[in-house]
Amino acid sequence: MSKIEWNEKTFAKFSYLSDVRISKDGKQIAYVLTKANLKDNKYENTIVIEDKSGVRKFIENASMPRFSPSGTKMSFVRPNEEKKTSELWLIDLRSMSAKKLMETKNILNVSWSSDDRRLLITGFKRREDEDFIFEDDVPVWFDNKGFFDGEKTTFWIYDTEGEEILDEFTADKFSSGIWHGEEIIYNVPHREDNKPQFFKFYDIYRYKDGESEKIFEKVSFTAIDSNGKEVLLIGKPKKEKLSEHDYLYLWNGREIRSLTERFVYNNWDGKLDAEGNLYFTMAKEGRFSLYKLSEDELIPIVDENAWVMGFDVSNDGKVVLLKQTDTKLSEVFLWDGELKQITDYNGPLLAKLKTRPIKHFRFKSLDLELDGWYIKPDIKEGEKAPVIVFVHGGPKGMYGYYFKYEMQLMADKGYYIVFVNPRGSNGYDEDFALRVLERTGLEDFQDIMNGIEEFFKLEPQADRGRVGITGISYGGFMTNWALTQSDLFKAGISENGISYWLTSYAFSDIGLWFDKEVIGDNPLENEKYKKLSPLFYAQNVKAPILIIHSLEDYRCPLDQSVMFYHVLKDLGKEAYIAIFRKGAHGHSIRGSPRHRAKRYKLFMEFFERKLKRYEEGFDVEKILKEEKKEEK
C-alpha cells in the first residue's frame, strides 16, 4: 500500500483543470484535464464534456475545446508528436464520431462563427530555413516561442462542411482576432519608427470579404469578445506606462463606453452574454474575483478568499468557472444565480494530505499599509522553526489565496512560509502598481523586510537565525538583491532572476521596453542600470545561494544567473548553479514532469541542508543517489 505524502513527486498525483467552456445554450460544459506522467515524462491531456445530468464524455490526447453555437459539435486540437504539428479536429457530440479537418505547424486559437459552420483559426508561420535564422525586427526571440525567424500571425477562415480554407490573411506577430457577426476584428501591434510597440499600443482592423479597414490607431486596448452587436475591449484608450491597469470598455461601432474603470482594480478577462451583460475578473488584494455587471448593478459571482483561474459564459448568463483556494486546487463550478461545485478531482487526495491554510496580516511599511500572509508548520511548544520568505514575480505579480505547491510542501517539512505584496504588486490601485518603477529594489525591498519584521512579532516560535529567501523572475532578482543588502538571510534560492539590468535590457525578449520602464530610459548612460543590479554588490553576500535557471529562458536569460554565479565564485562565496537543459521562463510549472520533480528535490534539499542541518557544501550526486535508493 503506497503512502501519500508531501514530497517532490506529489504534484504528479494531482489533477489539473484548464480551458473551461460552456455551450451557448448552457446545457454542456467542457474542460481540459491534465495529468503529469512521471514514468513517460509527459503531460496527458483529456477533454472532458459534461451535460446537465452529469454524464461525462472524454476525448483523449486533446485540448482547446470549442463548442459550436448549436452545441452539437466541437472543435479541438490534437498534437502530432511525430510530425511536430497541430491537428484540428471536429467531433459530433451526438454520435461522438470525429474527423480531422486540417494540419498545420502552429495553432494558437480557434473560434466558431455564428453560422455553426465556419472557424476562425489563428496560427503563425515562420521562414523555417534548416540552416539559419534571419531577422530584421526586434526582438529576435520570445519566451516559450523561441526565435521568431520572420514570424507572421496567420488567420484562416475554414469551412468545416466543405473542409476547405475559404480565406487567409496575415498580420504582424502577436496579432489576435475575434468574430464580430460576419466580420473579423483583429488587433495588430502598433509600429512607430518601424519598431513594434508590443503590449502598449495597437492598431485594430475589421476584415470582411478580403478587405481590411483600420478602425482604431495607436490605442492601448484590444478586442477580446463580441456578442454580434457590441465589441468588448480590454486595456485603456492610451497608456503612458505598460504597468498601468487594464479595464474593460464597450464599443458599439460609434463610441466607446467605459465599464470597469470606476472599480479601481486591474481586470484580467471579460466576456459578454447575448443581452450585453459583462462578466469579468478583477485582481483584488490577494484575490481574483469574478463579477457580473448588468447595466449599473454589480453582482458578485465569486468574491471570497479564492482565485478564479478561468471562466466562460452562455447566451443566457450561466457561468462555468475554475476556482481554487490556498488549500484546494482548481475545480469546476457552475453559476446560475448560485454557485455549485461540479468536479472534485483532487478532494480525495487532499483528504489524505494535510494542507495548511494561510494566515493574513496587515503591516505598516514606510508610507503604506500592506498585506502579508504566512503558513505555520506543525511545531511543538517551546521549539522554534526555520523560515522561508517567498517573493512573487512581476514586479506586478500578486500573492494571495491560491494553491502554491512549494509553500505547502515546505510547510509540511517544518518551515514557516512568509510572503507579502510589496508596492508594485497587482491587486491594488494603479498608483500602487506604479510606485516601483525606476526604484526596483528600494522601497519594495523595504516592504518585504518590514513584512518579515511584523511576522516575527506575530510568531515568536519563528527562528530569526534561520531565515531563507526564494523567488522566481522578479522574485529571483529580489532574492539576489536581498542577499547583497541584508545579513538576515542564511540561505537563498534564486530562480530565473536578474543580476545586471543592462544586459537584461539588451538580451531579454521584453528588455527593450520592460526594462526601460522598470529601471529607466537611456540604459547605456543611466546609472540606475548598475546601481540597482545585484551583481555589483556580490561582495556583500554571506549566505549560501543555489541559483536555478533554464537554458531556454528568453525573458530573464541565462546570462543573468551565470554572471552572478561566476562573480560569486570568483569572490570565494558559497554558490551553486543548476541549469535545466530545457524549459522556458515558466519552467517551474511548465517543465516536463521529471524536470519539475528534480527542481522540487533541489529546492527541498538545499534548504534542508542550509537551514536545518547546517551542512557545508551541496553534494548533488549524493542527493540524486539517495533519491534513486528511495525509488527502489
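Residues numbered from 1 in each chain as written. Predicted model: local features only at pLDDT ≥ 70, side-chain atom pairs only at ≥ 80, totals over all residues. Heavy atoms only, no water.

## Some remarks on the overall build of the protein
So, step 1. The number of helices and strands found in the protein is 12 helices and 39 strands.
So, step 2. Here the protein has a C-alpha radius of gyration of 25 Å; the compact-globule value for 632 residues is 26 Å, and the two agree.
So, step 3. For the protein, the proportion of its 632 residues judged to be buried stands at 57%.
So, step 4. A fraction of 54% describes how many contacts in the protein between residues 6 or more apart in sequence connect residues 24 or more apart.
So, step 5. Carbon and sulfur atoms make up 46% of the accessible area of the protein, which amounts to about 27400 Å² in all.
So, step 6. Considering the protein, the positive charge centre built from 96 side chains and the negative charge centre built from 107 side chains are found 5 Å apart. (Helix = DSSP H or I, 4+ residues; strand = E, 2+ residues; numbered from the N terminus. Rg over C-alpha atoms; globule rule 2.2 N^0.38 Å. Buried < 20%, exposed > 50% of the residue type's maximum accessible area, 1.4 Å probe, protein only. Contact = heavy atoms within 4.5 Å. Areas by Shrake-Rupley, 256 points an atom, 1.4 Å probe, with all protein chains shown as cover. Lys, Arg positive; Asp, Glu negative; His and termini not counted. Charge placed at Lys NZ, Arg CZ, Asp CG, Glu CD.)

## Structural notes on the sheet that holds strand S38 (residues 545-550)
So, step 1. Here we have 8 strands laid out as an open sheet, ordered S32-S33-S35-S34-S36-S37-S38-S39, and mixed in their pairing. Of all strands in the sheet, those bounded by a partner on one side alone are strand S32 (359-365) and strand S39 (575-580). Strand-to-strand twist across the sheet, computed as the mean angle between neighbouring axes with direction ignored, equals 20 degrees.
So, step 2. Pairing of strand S34 (residues 385-391) with strand S35 (residues 416-420), which is carried by 4 bridges, proceeds in the parallel orientation. Across the sheet, Ile 388 pairs through a bridge with Ile 417, a residue of S35.
So, step 3. Contacts between helix H4 (residues 443-458) and the sheet are confined to S32, strand S33 (368-375), S34, S35, strand S36 (462-472) and strand S37 (489-495), with S32 contributing the most and set at about 125 degrees to the helix. (Pairing = 2+ DSSP bridges. Axes fitted to C-alpha atoms, helices over the stretch in contact; angles between N-to-C directions.)

## What about the nonpolar core?
So, step 1. Ranked by internal contacts, the top residues of the largest apolar core, which has 98 residues, are Ile 417 and Phe 489.
So, step 2. Of all the elements, helix H11 (residues 593-612) adds the most residues to this core, at 8 residues.
So, step 3. Excluding its chain neighbours within four sequence positions, the residues that come into contact with Ile 417 are Trp 373, Tyr 374, Ile 375, Ile 388, Phe 390, Met 407, Met 410 and Ala 411. (Core = buried A, V, L, I, M, F, W, Y, C linked by side-chain atoms within 4.5 Å.)

## Here's the deal with the packing of helix H2 (residues 405-412) against H11
Think of two packed helices as two axes; the pair is described by the angle between the axes and how far apart they sit.
So, step 1. At a minimum axis distance of 11 Å, the contact between H2 and H11 shows a crossing angle of 40 degrees. Relative to H11, H2 is oriented oblique. Here H2 runs over H11; the crossing is right-handed. Contact residues: Tyr 405, Glu 406, Leu 409 and Met 410 in H2; Arg 599, Tyr 600, Phe 603, Met 604 and Phe 607 in H11.
So, step 2. Residue classes in the contact of H2 with H11 are distributed as 7 nonpolar, no polar and 2 charged. (Parallel < 35°, antiparallel > 145°, perpendicular 65-115°, else oblique. Left-handed = near helix turned anticlockwise from the far one by under 90°. Nonpolar A, V, L, I, M, F, W, Y, C, P; charged D, E, K, R; others polar.)

## A short note on H11
So, step 1. In a regular helix each residue adds 1.5 Å, so 20 residues correspond to 28 Å; H11 covers 28 Å between its end C-alpha atoms and thus fits that length.
So, step 2. A large share of H11 lies buried, amounting to 16 of its 20 residues.
So, step 3. Once H11 finishes, Tyr 614 follows within two positions and takes phi at roughly 55 degrees, a positive value. (Expected span 1.5 Å × (residues − 1).)

## Remarks on the pairing of strand S15 (residues 176-180)
So, step 1. Within S15, 4 of the 5 residues are buried, leaving the element largely enclosed by the surrounding structure.
So, step 2. With 5 bridges connecting them, S15 and strand S16 (residues 183-189) associate as antiparallel partners. Bridge pairing links Trp 179 to Ile 184 in S16.
So, step 3. Joining the antiparallel neighbours S15 and S16 is a turn of 2 residues, in which Gly 181 adopts a positive phi near 65 degrees.

## Quick word on the sheet that holds strand S3 (residues 42-51)
So, step 1. As summarised here, the arrangement of the 4 strands in space is S1-S2-S3-S4, forming an open sheet in which the pairing is antiparallel. The open sheet has two edge strands with one neighbour each: strand S1 (16-22) and strand S4 (56-60). The mean angle between the axes of side-by-side strands here comes to 25 degrees, regardless of whether they run parallel or antiparallel.
So, step 2. Where S1 lies against strand S2 (residues 28-37), 5 bridges are found, and the strand directions are antiparallel. Residue pairing for S2: Ile 22 is matched across the bridge by Ile 29.
So, step 3. Against the sheet, H11 engages S1, S2 and S3, with an angle of about 110 degrees to S3.

## Topic: the UniProt feature "domain: Peptidase S9 prolyl oligopeptidase catalytic" (unreviewed entry) in the protein
So, step 1. Per the UniProt annotation, the sites labelled "domain: Peptidase S9 prolyl oligopeptidase catalytic" (unreviewed entry) are residues 402-612.
So, step 2. Secondary structure over residues 402-612 splits into 44% helix and 17% strand, and the C-alpha atoms at its two ends are 28 Å apart. (UniProt positions renumbered as here; feature names shortened; annotations may be inferred.)

## Topic: H4
So, step 1. Counted at 1.5 Å a residue, the expected span for H4 with its 16 residues is 22 Å, and the 23 Å between its end C-alpha atoms agrees.
So, step 2. The set of residues buried in H4 consists of Glu 443, Asp 444, Phe 445, Asp 447, Ile 448, Met 449, Gly 451, Ile 452, Phe 455 and Phe 456.

## Brief notes about the pattern of salt bridges
So, step 1. Applying the stated criterion across every chain, the model contains 58 salt bridges.
So, step 2. Arg 191 is the partner of Asp 172 in a salt bridge, and the nearest nitrogen-oxygen pair spans 2.8 Å. Highlighted residues: Asp 172 in strand S14 (residues 164-172) and Arg 191 in strand S17 (residues 191-192), separated in sequence by 19 residues.
So, step 3. Owing to a relative accessible area of 17%, Asp 172 belongs among the buried residues under this scheme.
So, step 4. Notably, a salt bridge pairs Arg 599 with Glu 406, separated by 2.9 Å at the nearest N-O pair. Of this pair, Arg 599 sits in helix H11 while Glu 406 sits in helix H2, and the two are 193 residues apart along the sequence. (Salt bridge = Lys/Arg side-chain N within 4 Å of Asp/Glu carboxyl O.)

## Brief notes about the environment of Lys 542
So, step 1. Mapped onto the elements, Lys 542 comes out in the loop between helix H8 (528-531) and S38.
So, step 2. As a C-alpha pair, Lys 542 and Ser 486 span 56 residues in sequence and 9.1 Å in three-dimensional space.
So, step 3. If sequence neighbours within four positions are ignored, Lys 542 has contacts with Leu 483 and Asp 487.
So, step 4. There is a polar contact of 3.3 Å between the side chain of Lys 542 and the side chain of Asp 487. (Polar contact = N/O pair within 3.5 Å; in protein donor to acceptor, adjacent residues only side chain to side chain.)

## Things to note about a nonpolar patch on the surface
So, step 1. Side chains of Ile 133, Val 140 and Phe 147 sit close together on the surface and give an oily, nonpolar patch of about 240 Å² of accessible area.
So, step 2. You can see Ile 133 is positioned in the loop between strand S10 (118-125) and strand S11 (141-142). (Patch = residues over 30% accessible without salt bridge, like charges linked within 9 Å, V, L, I, M, F, W, Y side chains within 5 Å.)

## Brief notes about the packing of aromatic side chains
Two numbers describe a pair of aromatic rings. These are the distance of the centres and the angle of the planes.
So, step 1. For the structure shown, the criterion picks out 56 aromatic pairs.
So, step 2. Taken together, a centroid distance of 5.1 Å and an interplanar angle of 75 degrees make the contact between Phe 174 and Phe 198 edge-to-face. Residue Phe 174 is located in the loop between S14 and S15, and its partner Phe 198 is located in the loop between strand S18 (195-196) and strand S19 (202-208); the two are separated by 24 residues in the primary sequence.
So, step 3. A relative accessible area of 3% places Phe 198 in the buried class.
So, step 4. An aromatic cluster is present here, built from Trp 6, Phe 11, Phe 14, Phe 403, Tyr 405 and Tyr 600 joined pairwise through their rings.
So, step 5. One residue, Arg 555, lies across the ring of Phe 142, its end atom 4.9 Å from the ring centre. (Phe/Tyr/Trp six-rings, centres within 6.5 Å; stacked < 30°, edge-to-face > 60°. Lys NZ or Arg CZ within 6 Å of the ring centre and 35° of its normal.)

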